[in-house]
Every structure is written in C-alpha cells, then in structure tokens.
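Here is what each chain is made of, one letter per residue.
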Amino acid sequence: MPNSGYSIPKIMGIMNFTPDSFFSASRIDSDQSINYTQYKHADIVDIGFESSRPGASPLSEKDELNRLSDILQNVANFEQTLSIDTYKPNVAKLALENCFNMINDIKGGGNNGEMLEIASLFGCPIVLMHMKGNPAIMQNRPFYDDVMDELLLFFENKLKLAKDIGVNDNQIILDPGIGFGKNIMDNDTIINCINQLKKLGFPILIGLSRKSFLSIDEDGVEDRLSATLGVTALAVQNGADIIRAHDVEDTYRMLSVITRILQNKKEESLSL
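Reading the values: rules and limits
Residues numbered from 1 in each chain as written. Predicted model: local features only at pLDDT ≥ 70, side-chain atom pairs only at ≥ 80, totals over all residues. Heavy atoms only, no water. Core = buried A, V, L, I, M, F, W, Y, C linked by side-chain atoms within 4.5 Å. Buried < 20%, exposed > 50% of the residue type's maximum accessible area, 1.4 Å probe, protein only. Helix = DSSP H or I, 4+ residues; strand = E, 2+ residues; numbered from the N terminus. Contact = heavy atoms within 4.5 Å. Disulfide = S-S within 2.5 Å. Axes fitted to C-alpha atoms, helices over the stretch in contact; angles between N-to-C directions. Parallel < 35°, antiparallel > 145°, perpendicular 65-115°, else oblique. Left-handed = near helix turned anticlockwise from the far one by under 90°. Nonpolar A, V, L, I, M, F, W, Y, C, P; charged D, E, K, R; others polar. Pairing = 2+ DSSP bridges. Expected span 1.5 Å × (residues − 1). Salt bridge = Lys/Arg side-chain N within 4 Å of Asp/Glu carboxyl O.

The next point concerns the nonpolar core. Core analysis: the largest hydrophobic core is formed by 66 residues, its most contacted members being Met15, Ile47, Leu68, Ile84, Phe100, Ile103 and Ile206. Per element, the largest residue contribution to this core is 8 residues, and it comes from helix 4 (residues 147-165). What isoleucine 84 contacts, discounting residues up to four positions off in sequence, is Asp46, Ile47, Phe49, Leu68, Val91, Ala92, Ala95, Phe100, Met102, Ile103 and Asn104. Counting 7 residues, the second largest nonpolar core, distinct from the first, contains Met12, Val127, Ile173 and Leu205.

Following this line, the structure appears as structure tokens:
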C-alpha cells in the first residue's frame, strides 16, 4: 500500500542493454561494463533490452531473450530488487527464473492479462503502465477528452483483470506512463493529479527522467537533469511512491533532503 507519510520514496535505477535508448549515458554495451556503484542507492534496478523511446521499433522476442541470456551471470551480483523491463511474457519468465524478482510492463499486463499470469505464477510485484498506442506511434498527436478519467478507467479495468487472474493486491504497482502517448499538458496534469491515482489504493511509480516534456529552449536530453530533479520533487510531494531514474545518486540526494523537509512539515502541523 502507498506510504501515508513522507518516507523516502523508492528509487528504481534504469539500466538499458540497448543501442538506441533515448539517453545515451544509460546505455550499457555488455555486462562487463556495469558500474555497480552507480546503483548503490537504488532500491530497484530496472533492466531492459528493448528501447521504448518515441519512434522506437520493436525488438524480436528471440533477440530480447538473447540479450537477457548474455547478462544473467553478472546481474546476479546486485543486492537490490531486480526488475525486468519487458512486455513479453517469455522474457519475463526467463528473467524470473534467473535472479530477477519483479516485472515492469509498459503494456499494462498485456491485452488479455498474459503478463499478469506470469506475475501470478511467480508471486512477484508487477508494474502496470498506461500507454496510448505503441512506442512507434504513441507521440503522433495523442489526444484525451480527460487524461485522468482515461487513466482511472484503464487502471480499474486492469485491476479487475488482475484480481480475476489471481494477482494479489500487494503485488501491484501503477504507472501512469509519463510521455507514453501524452502531450506536455497531459504530463503536467498527471504530475499535478497523482493524488487521484493514489485513491485506487496502490503504490504509484513515476518515470519522468530526462523526458522531452521537461525540455527548455529545445535543449537536449543531456541537459535535463535539473528539470528532472525539480519535477521529481513535485511528484513526490504529490504522492509518488517509486521514482524511476537515470541519475540514481542525484535523485537519492535530492529525495533525502526534500522528504526530510516534508516530514518535518507534517510533524509540525500535527503538533499545532
């Protein structure tokens, strides 16, 4: 269940074994180049093998399985929770059989709950994300009558499907999918309305790190750290429970300070 106070949110560190992820510094060529200390303050390490940036082409299941197999021996050195970032059930199954213990699915458990069945089988946490369209087309003029209404309906349907399949409530994490088929205003609205998602009663994961809606004066992804940290602080104040981040150390330092301040604010208000 979501935190009721202002404890430090969990940090999900991003690790991409892909040649085409949108932030080049997050790309890792092989398991030999893993910098384990870079993730020392991560609670979760989210490992993916297929880019989901806007315009990305899908990777075949065979190629994704091969990329996963190549790094299994070395990622076992992590002490953190290991999350497999995939929407393919067979990839998730192999990962969960080999030291991974969490699923992060950008397709929200699959159209018919295929990934929810894997989560039920292994009894592991699963992140259910909302995405309009698919990475190749999702940013081609996305439109909502009301983005929060659509998110709430989407999650209500997914939660019912999860329950029918046998996934326990304590396994489920919800991700509104910042930048996945949303325009700038949609993303801003979601950040401002996290409290509406919290009413569903599940932890909320927010992934906004270095995304294009944070751009100022057409700057590049490499220049968006300060905007990322600032908006992350807003997301936490509005109730985010897990932050998915490229810059784990910077995120950890920022969250340590702002959650201390928010906790002190809460204690002071209770004493009045």
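Looking now at the state of the cysteines. For the coordinates displayed, the defined rule picks out 0 disulfides. Of all cysteine sulfurs, the one in cysteine 124 lies closest to cysteine 99, which takes part in no disulfide; the gap is 13 Å. Judged by its relative accessible area of 34%, cysteine 99 falls in the partly exposed class. Given the relative accessible area of 5%, cysteine 124 is considered buried.

So, on to the packing of helix 2 (residues 89-96) against helix 3 (residues 114-122). Running from amino to carboxyl end, helix 2 crosses helix 3 at an angle of 15°, the nearest separation of the two axes being 9 Å. Taken together, the axis directions place helix 2 and helix 3 in an arrangement best described as roughly parallel. Along this stretch, helix 2 crosses helix 3, giving a crossing that reads as right-handed. Facing helix 2, whose interface residues are Pro89, Ala92, Lys93 and Leu96, helix 3 presents Glu114, Met115, Ile118 and Phe122. Considered class by class, the residues forming the contact of helix 2 with helix 3 number 6 nonpolar, no polar and 2 charged.

The subject of this paragraph is the sheet that holds strand 4 (residues 102-105). Read from one edge of the open sheet, 8 strands run 6-5-4-3-2-1-8-7, paired in parallel fashion. Edge positions in the open sheet fall to strand 6 (172-175) and strand 7 (205-207), since each of these has one partner strand only. On average, each strand axis in the sheet is inclined to that of its neighbour by 25°, with strand direction left out of account. Judged from the 5 bridges that link them, strand 2 (residues 44-48) and strand 3 (residues 81-85) form a sheet pairing that is parallel. Bridging from a neighbouring strand, isoleucine 44 pairs with threonine 81 of strand 3. Relative to strand 6, helix 4 is tilted by about 160°, and along the sheet it contacts strand 5 (126-129) and strand 6.

Attention shifts here to the environment of serine 120. For serine 120, the location among the structural elements is in helix 3. Judged by relative accessible area, which is 27%, serine 120 ranks as partly exposed. When the C-alpha positions of serine 120 and phenylalanine 155 are compared, they lie 18 Å apart, and in sequence the two are 35 residues distant. Residues contacting serine 120, with those up to four places away along its chain left out, are Ile165, Gly166, Val167 and Gln171.

This brings us to helix 7 (residues 225-237). An ideal rise of 1.5 Å per residue puts 18 Å on 13 residues; helix 7 measures up with 18 Å between its terminal C-alpha atoms. What helix 7 keeps buried is the set Thr228, Leu229, Val231, Thr232, Ala233, Ala235 and Val236. Glycine 239 sits one or two residues past helix 7 and shows a positive phi near 120°.

This part is about the pattern of salt bridges. For the structure on display, the rule yields 11 salt bridges. Across the pair lysine 88 and glutamate 50 runs a salt bridge, and its minimum N-O distance is 2.5 Å. Of this pair, lysine 88 sits in the loop between strand 3 and helix 2 while glutamate 50 sits in the loop between strand 2 and helix 1 (61-75), and the two are 38 residues apart along the sequence. The buried category is assigned to glutamate 50, whose relative accessible area is 14%. Here aspartate 85 ties to arginine 244 by a salt bridge, and the two come within 3.2 Å at their closest N and O atoms. Residue aspartate 85 is found in strand 3, and its partner arginine 244 is found in strand 8 (residues 242-245); the two are separated by 159 residues along the sequence. With relative accessibility at 12%, the residue aspartate 85 sits in the buried group. Three or more residues joined by partner-sharing salt bridges are found here, namely Asp46, Asp85 and Arg244.

Any functional reading would require information that these geometric values do not contain.
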